Amino acid sequence: MNTADVVIVGGGIVGSSIAWHLTQQGCKNILVIERETHQGKGSTGKSMGGVRAQFSTPVNIQMSLYSIPFYAEFEQRLGHPSGYRPQGYLFLATSEKHLAYLRTNQETQKSLGLTTAHMITREEVQELYPQLRLDDVVGGAFCSTDGFVDPYSAMNGFIKSACEHGATVCKDTLVTGISRDSAGISAVETTRGNFSTRIVVNAAGAWAAEIAAMVGIELPVIPLRRQLVPSEPFADFPHTAPMIIDMSNGFHFRPEALGFLLAWADPDETPGYKMSFDDGFIEKILVHAANRVPIFENLAINPKRAWAGLYEMTPDHHPILGAIEGVPGFYCANGFSGHGVMHAPATGKILADLILRGTTDLIDASLLNYSRFAEGREIHESAVL
Ligand SMILES: Cc1cc2nc3c(=O)[nH]c(=O)nc-3n(C[C@H](O)[C@H](O)[C@H](O)COP(=O)(O)OP(=O)(O)OC[C@H]3O[C@@H](n4cnc5c(N)ncnc54)[C@H](O)[C@@H]3O)c2cc1C
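Every chain's residues receive numbers from 1 upward, in the order its sequence appears when written. Given that the model is predicted, a residue must reach a pLDDT of at least 70 before its local features are reported, and side-chain atom pairs must reach 80 or more before they are shown or counted; all residues, however, enter totals for whole chains, interfaces and linings. Values shown for side chains rest on all heavy atoms present in the structure; no hydrogens or waters enter the calculation.

### Some thoughts on unusual backbone geometry
Across the chain, the bulk of peptide bonds are trans and the bulk of non-glycine residues have phi less than zero. At D172, a position not held by glycine, the phi torsion is positive, near 55 degrees. Of note in the backbone geometry, H317 takes a positive phi value of approximately 60 degrees without being a glycine. For every residue, the accessible area obtained with a 1.4 Å probe (protein chains only) is divided by the maximum for its type, and the residue is called buried under 20%, exposed over 50%, and partly exposed between those limits. A relative accessible area of 23% means that H317 is categorised as partly exposed.

This is how it looks when you write it as structure tokens:
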């Protein structure tokens, strides 16, 4: 039987970042197990690639304040591009309540050290993007260091560099069980045999609850379909634009290649492993698109290029990170609720710290532990797109 110091289940961006951060802290004998023949076929390869520090809770902001500069320096540090484009996130408020909410969030963000966010008036938005319909907009918030990354490229950068420093990836290998003895975790069972280990990290994305069930834990991570619609080339809106969010209904869009990528959380969506794109979604999202950007009425869409993936939702829209009490050697990095790409660097650092040192100075890790649900310590993030 092969032996590893740490076995990571799931080779998406989160598992890859954890592997890399472990190698940087001196842990070399790491095995990443991925059931697909290629990494990135889970949520990572379906992501919109947005990165932002404009959150409402301090812990989410702190994770972004580690992750975004990390993506900015990614190529220098890992020798591979992350595709970071600091084009910003622009939230458009259509009520005084939303504007006050943005203001309060910005105070929290600034108190934690974010210097690149500011409030913006309707007139300033009008000047920048006269293509937007702004009659109902009362103002907004903009952060210039928010933007986009290429999730697939960042994932590859993490895993490539991790492997150069000793990690191994076992693809096309399904984790089917986890064995335990009196000391805790003893092995991971797979379709390619067993791997003996004392430490397992659950980085299985939307499938995390299945892995946790292997050690008798009920993990509150639920898959929820999210659909994205790319347009055909469109030149009548600036391609230097940020992610623009219409707070009246959550519709948002950003430039992508020669066109635009449109997103919206359909309130009628129900949980489940639904991976196929529903053509009926295009009509729904185009109504919101043309409502905020009247010239988007002319956007050409090829339904064959649209796609669906899974968000991994937790009840309080924060991830579950760290050790699980009562299961020595079992760690979770799950439930990112739509923020797993932007928070992958911080997650890698936090998990490596917790596994190797038992503590981290990046965040107060107890805020995100599994026990928070049983202890009624949920912390709600309302700035979820
Ligand atoms: C449409 C869409 C848009 C998004 N937009 C954004 C965004 O703009 N910004 C952002 O930060 N996040 C976004 N997200 C969320 C983000 O993509 C995820 O949070 C992130 O990719 C999670 O990474 P992961 O590595 O945990 O999961 P995954 O990428 O899903 O990786 C988990 C891996 O585990 C493997 N696995 C599962 N079970 C087993 C098993 N039993 N054995 C072996 N392997 C197993 C899977 O095959 C998979 O490859 C978006 C998601 C979607 C679907």
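### Observations concerning the nonpolar core
Residue types Ala, Val, Leu, Ile, Met, Phe, Trp, Tyr and Cys, when buried and joined through side-chain atoms within 4.5 Å, form a set referred to as a nonpolar core. By size, the foremost hydrophobic cluster in this structure holds 68 residues, and its most contacted members are I8, I13, L22, Y71, I350 and L351. Secondary structure counts use DSSP, requiring at least four H or I residues in a row for a helix and at least two E residues in a row for a strand, with both numbered from the N terminus. In terms of residues, this core owes the most to one element, helix α9 (residues 344-357), which gives 7 residues.

### What to know about the sheet that holds strand β17 (residues 259-263)
Strand-to-strand pairing in sheets goes through backbone hydrogen bonds, with the strands running parallel or antiparallel. For two strands to count as paired, DSSP must find a minimum of two bridges between them. Overall, mixed pairing links the 8 strands, which are arranged β6-β7-β5-β15-β16-β17-β14-β18 in an open sheet. Two strands bound the open sheet, and with one partner strand each, they are β6 (117-120) and β18 (307-313). Sheet twist, expressed as the average angle between the axes of neighbouring strands with direction ignored, equals 25 degrees. Sheet topology note: the strand β16 (residues 252-256)/β17 ladder contains 5 bridges and is antiparallel. Bridged to F253 within β17 is L262. Contact definition: two residues touch when any of their heavy atoms are within 4.5 Å. Between N-to-C directions, angles span 0 to 180 degrees; the directions come from axes that are lines fitted to C-alpha atoms, helices contributing only their stretch in contact. The strands touched by helix α4 (residues 96-111) are β5 (89-93), β6 and β7 (139-143); relative to β6, the strand with the most contacts, the crossing angle is about 160 degrees.

### What to know about the packing of aromatic side chains
Aromatic contacts are taken between Phe, Tyr and Trp rings whose centres are within 6.5 Å, Trp giving its six-membered ring; a plane angle under 30 degrees counts as stacked, one over 60 as edge-to-face, and the others as tilted. For the coordinates displayed, the defined rule picks out 21 aromatic pairs. Residues W264 and F281 carry aromatic rings whose centres are separated by 6.0 Å and whose planes lie at 25 degrees to one another, so their mutual orientation is stacked. Of the two residues, W264 is situated in the loop between β17 and α8 (280-292) and F281 in helix α8; the sequence distance between them amounts to 17 residues. We classify W264 as buried; its relative accessible area is 8%. Given the relative accessible area of 1%, F281 is considered buried. When the ring centre of W207 is taken as reference, the NZ or CZ atom of R35 above it lies at 4.5 Å. For the cation-ring pair, R254 lies above F148, with the distance from its terminal atom to the ring centre recorded as 4.7 Å. Counted as over-ring charges are cases with an Arg CZ or a Lys NZ within 6 Å of the ring centre that also lie within 35 degrees of the ring normal.

### Quick word on the site of the ligand
Note on terminology: near, applied to a residue and a molecule or strand, indicates that one of the residue's heavy atoms is within 4 Å of it. Taken together, 37 residues lie near the ligand, and E34, S43, T44, G50 and M342 sit nearest. One of the backbone nitrogen or oxygen atoms of I13 is found 3.2 Å away from an oxygen atom of the ligand. G50 places a polar main-chain atom, nitrogen or oxygen, 2.8 Å from an oxygen atom of the ligand. Mapped onto the shell around the ligand, the elements with two or more residues apiece are α1 (13-24), β14 (222-230) and β18. Take the shell around the ligand: its biggest share by element is 4 residues, from β18. For this classification, the nonpolar set comprises Ala, Val, Leu, Ile, Met, Phe, Trp, Tyr, Cys and Pro, the charged set comprises Asp, Glu, Lys and Arg, and every other residue, Gly included, is treated as polar. Residue composition of the shell around the ligand, by class: 16 nonpolar, 15 polar and 6 charged. Two N or O atoms form a polar contact when they lie within 3.5 Å of each other; inside protein one atom must be a possible hydrogen donor and the other a possible acceptor, and for residues adjacent in sequence the pair counts only when both atoms belong to side chains.

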